[in-house]
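Spelled out from the first residue to the last, the chains are:
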Amino acid sequence: MVRGLVSIDCFKDAIASYASMRREGFSPTGFTFPFVLKACARLLDFRLGLKLHSQVVKLGFSCDVFVNTSLVSLYAKCGYIEDALKVFDDIPNKNVVSCTAIITGLIGVGKCREAIDMFRKLLEMDLVPDSFTLVRVLSACAVIGDLKNGEWIDRYISETGMSRNVFVTTSLVDFHAKCGNMERARLLFDEMGEKDIVSWSTMIQGYASNGLPKQALELFHNMLDHGLKPDCYAMVGALSACARLGALELGEWASSLMNIDEFSINPVLGTALIDMYAKCGSMTKAYDVFKGIRAKDRVVWNAEISGLAMNGHIPAAFAVFGQMQKYGIPPDGNTFVGLLCGCTHAGLVNEGRQYFNIMVRILSLAPTIEHYGCMVDLLSRAGLLDEAHQLIKSMPMEANAVVWGSLLGGCRLHRDTQLAEHVLKKLVELEPWNAGNYVQLSNIYSASHKWDDAENVRSLMGERGMTKLRGCSWIEVCGIVHEFLVGDTSHPLSEGIYSKLSELDKDLRAAGYVPTTDHSEKLAVAFGLISTGPAEVIRVVKNLRVCGDCHEAIKLISKITGREIIVRDTNRFHCFSGGTCSCKDYW
C-alpha cells in the first residue's frame, strides 16, 4: 500500500498508511523504508524524516544501501547536504543509485563542481553509471559551462555505447547547446536514431538562445513535418526566434498550433508570447495576453513592464509596476532592468536615479552589471558624462564592453572626443577582435589630426586581417523573413527595391534632407514599402546599431509615405510614425 500510494504521488496517504501499520504492531522492513522516506522527501517533511532515520537505526537497517540512499535523497532535497554527505560516506557498499542520489543532491544546492567530482569517484570505484547518472552530471556541466569535463563525458558516452540512449544523447545536445557549440549539438541530434519531442525542443531552444533564429524556425518546421506537435519548450524556442527576427505573422501562426488556454494557464508560455508581441512592436496584443494569464508570477509581470518600456510606453510601464506592488508581487533585479531601460528610452534621469535608489537602499537588491549599464546609458545620453564615468569606476565588478559602449555612445552624441578616445582604448582591450572599435578609434584620431595614431590603428587592423561586421536587416512579409545586406542585389525584387530607394532619395532631398549613408535597414524598409499594403506596419530588425543618418531618414520616410515603421536594433526600439519617433530623438 505504501509503495502503491507513492507511485501515484499520494504521499500524505502513503505516510498515513505507514503510521497505521506501525499502530497495528507491524515492523517495517528494508522494502518499506525507501518508499516512506521518498514520501517524506517529496513533501519536504524533514521532522518526520528524522524520526524515520532513528527508526532505521533502532531496527538495524543502518547498513542497508537502499534505505541509506533514500535517506541521502531526503536530506539533500530538504537542503541538508552536509547531513546527506555524512549518510553517504557511511554506506559500506555504495552503488550507482546511491552515488546518483548524492550527485543529484549536490546539484540541487548549486554544488555542481562537487557533483562532477563525485562522478569521477563513482568511476574510480569501478561502478558503471546508468543513463540517469549521466543525464544529471551533464546538467551540472551545462550549468557551470564546464566544457572540459562535459567533452570528456561526451567521449566516455561514445566509448561505452551509451550514445544510443535517447535520454543521454538529448542531454549531450542540451549541454553543447548551452555551452554555445551548436555544430556539435546538431551533429549529435542528426545522428540520433530515435528523436522524441524533448530532443527536437532542445535543439530548437538551443538555436534560439544562441542567436540563430532562422535555424530555430527551420527546425521547428522540420519537426512539424515529422508529425510531432510542439510542446511548451519547442513553442518557447519558436516564439523566441520570431521575437528576435521581428516575425509577427510567423509568431502568431506558431502560437495558433497550441490551444490558447495553454498560454493562459502556463506562465512560461504566456511570457514567451508577451515577449514575442512586445519585440514585434504589438503591445496591444501583448497586453491582452498579459491580462489573460490566470496566475501571473513575477516573470510575467517583468515581461509586460520590459515590453512597455522598450516600446516607449513609459508611463504605462510605471503603472504596471505600481499594480505589481499592489498585488504583493515583490520586484527583483529584472523588474528594475525593465524600469531603468524605460527611463533611458525617455531620458528620465531623475526617475532613473529614484528607481536605482529604491532597488539598492529600500529593497536591498544588489545591482548587477545590467543595472549599472542602464544607469551609465541613461547618464551618458543626458550628457552627464563625468557622472557616468565615475559610476563605472565605482562599480564592484569590472565593466564589460556593453557598459563602456554606452559611455561611448554618450561621448559621440555630445562630441567629447577626449573621453571617447579613453573609452575606445578600453573597448579595444576588451574586444580585440571587434573591428568596429578600431575604426572608431582611428576616426577619432583623424578628427583630432593625430594622423600617425590613426594610421597605426589602421595598420594594426590590416595585420590582424580584421574587417568590420556587415550590417544585416530582416523584415517579414507574408510570413516569410527576408534578409538584406548593404549593396546586396541577390533579392528577386532588387530592381524594384533600388528603384524605390531612388524615389525616396528624391523625396528626402525635396524635404531638405541629404542622406549620407547606404545601410541595410533602408533596403528592408524599401522592400516593405513595395511589398505591403498602405495600412500595414513595416517591421525591421537590424544586427547592428541604427546610425543617426538612417534614424533621420526613416523618420522622414514615415512622414512622406504616411507609414508606421518599427525598427529594432542592438541598442533600442524605434517606432517611426508621422515623422516622429517613439524615442523622442533621445537615442
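Owing to the predicted nature of the structure, the values given are computational and were not obtained by experimental measurement.

Draft legend 1. Layout of the overall build of the protein chain. Helix and strand counts for the protein chain come out as 32 helices and 6 strands. The C-alpha extent of the protein chain, read off along each of the three principal axes, is 100 × 55 × 50 Å. Here the protein chain holds 587 residues, and 49% of them are scored as buried. For the protein chain, long-range pairs separated by at least 24 residues make up 61% of all intrachain contacts whose partners lie at least 6 apart in sequence. Working note: accessible area of the protein chain is about 28,000 Å², and carbon and sulfur atoms make up 53% of it. Computed over 60 positive and 65 negative side-chain charges, the inter-centroid distance for the protein chain is 4 Å.

Draft legend 2. Structural context of the packing of helix H4 (residues 46-58) against helix H5 (residues 65-77). Running from N to C, H4 and H5 point in directions that differ by 155°, and their axes come no closer than 11 Å. With respect to H5, the axis of H4 lies roughly antiparallel. Relative to H5, the crossing made by H4 is left-handed. Contacts between H4 and H5 involve Phe46, Gly49, Leu50, His53 and Val56 from the former and Val67, Leu71, Leu74 and Tyr75 from the latter. Of the residues that constitute the contact of H4 with H5, the class distribution is 7 nonpolar, 2 polar and no charged.

Draft legend 3. Focus on the side chain of threonine 100. Looking at where threonine 100 falls in the secondary structure, it is placed in helix H7 (residues 96-108). With a relative accessible area of 5%, threonine 100 lands in the buried category. Of note is the side chain of threonine 100, whose polar atom sits 2.6 Å from the side chain of threonine 133. With sequence-adjacent residues up to four places away left out, threonine 100 is seen in contact with Asp130, Phe132 and Thr133.

Draft legend 4. A look at the pairing of strand S2 (residues 480-485). Sheet topology places strand S1 (residues 472-477) next to S2; 6 bridges connect them, and they run antiparallel. Counterpart to glutamate 476 in the pairing with S2 is valine 481. Count of turn residues in the S1/S2 antiparallel hairpin: 2 residues, of which cysteine 478 carries a positive phi of about 55°.

Draft legend 5. The arrangement of the pattern of salt bridges in detail. Under the definition given, this model contains 17 salt bridges. Here aspartate 154 makes a salt bridge to arginine 184, at a shortest N to O gap of 3.0 Å. Of the two residues, aspartate 154 sits in helix H10 (residues 147-160) while arginine 184 sits in helix H12 (residues 182-191), which places them 30 residues apart along the sequence. A relative accessible area of 5% means that aspartate 154 is categorised as buried. When salt bridges that share partners are traced, they join Glu421, Lys425 and Lys450 into one network.

Draft legend 6. The arrangement of helix H6 (residues 81-89) in detail. Among the residues of H6, those classed as buried are Ile81, Ala84, Val87 and Phe88. One face of H6 carries all of its buried residues, which in axial projection span an arc of 115°. Exposed side chains of H6 directed beyond 90 degrees from the buried face belong to Lys86 and Asp89. Those residues of H6 that are buried lie in contact with H4, H5, H7 and helix H8 (112-124).

Draft legend 7. Just unusual backbone geometry, in detail. The phi dihedral of serine 364 is positive, around 55°, even though this residue is not glycine. Here serine 364 is to be found in the loop between helix H23 (349-362) and helix H24 (369-381). One non-glycine residue, arginine 415, lies in the positive phi region at around 55°. By the element assignment, arginine 415 lies in the loop between helix H26 (401-413) and helix H27 (417-430).

Draft legend 8. How the structure looks around the UniProt feature "repeat: PPR" (unreviewed entry) in the protein chain. On the UniProt side, "repeat: PPR" (unreviewed entry) is annotated at positions that read residues 95-129, 196-230 and 297-331 here. Counting secondary structure, residues 297-331 comes out at 74% helix and 0% strand; the distance between its end C-alpha atoms is 11 Å.

Parameters at a glance
Residues numbered from 1 in each chain as written. Predicted model: local features only at pLDDT ≥ 70, side-chain atom pairs only at ≥ 80, totals over all residues. Heavy atoms only, no water. Helix = DSSP H or I, 4+ residues; strand = E, 2+ residues; numbered from the N terminus. Buried < 20%, exposed > 50% of the residue type's maximum accessible area, 1.4 Å probe, protein only. Contact = heavy atoms within 4.5 Å. Areas by Shrake-Rupley, 256 points an atom, 1.4 Å probe, with all protein chains shown as cover. Lys, Arg positive; Asp, Glu negative; His and termini not counted. Charge placed at Lys NZ, Arg CZ, Asp CG, Glu CD. Axes fitted to C-alpha atoms, helices over the stretch in contact; angles between N-to-C directions. Parallel < 35°, antiparallel > 145°, perpendicular 65-115°, else oblique. Left-handed = near helix turned anticlockwise from the far one by under 90°. Nonpolar A, V, L, I, M, F, W, Y, C, P; charged D, E, K, R; others polar. Polar contact = N/O pair within 3.5 Å; in protein donor to acceptor, adjacent residues only side chain to side chain. Pairing = 2+ DSSP bridges. Salt bridge = Lys/Arg side-chain N within 4 Å of Asp/Glu carboxyl O. Arc of directions from axis to C-beta. UniProt positions renumbered as here; feature names shortened; annotations may be inferred.

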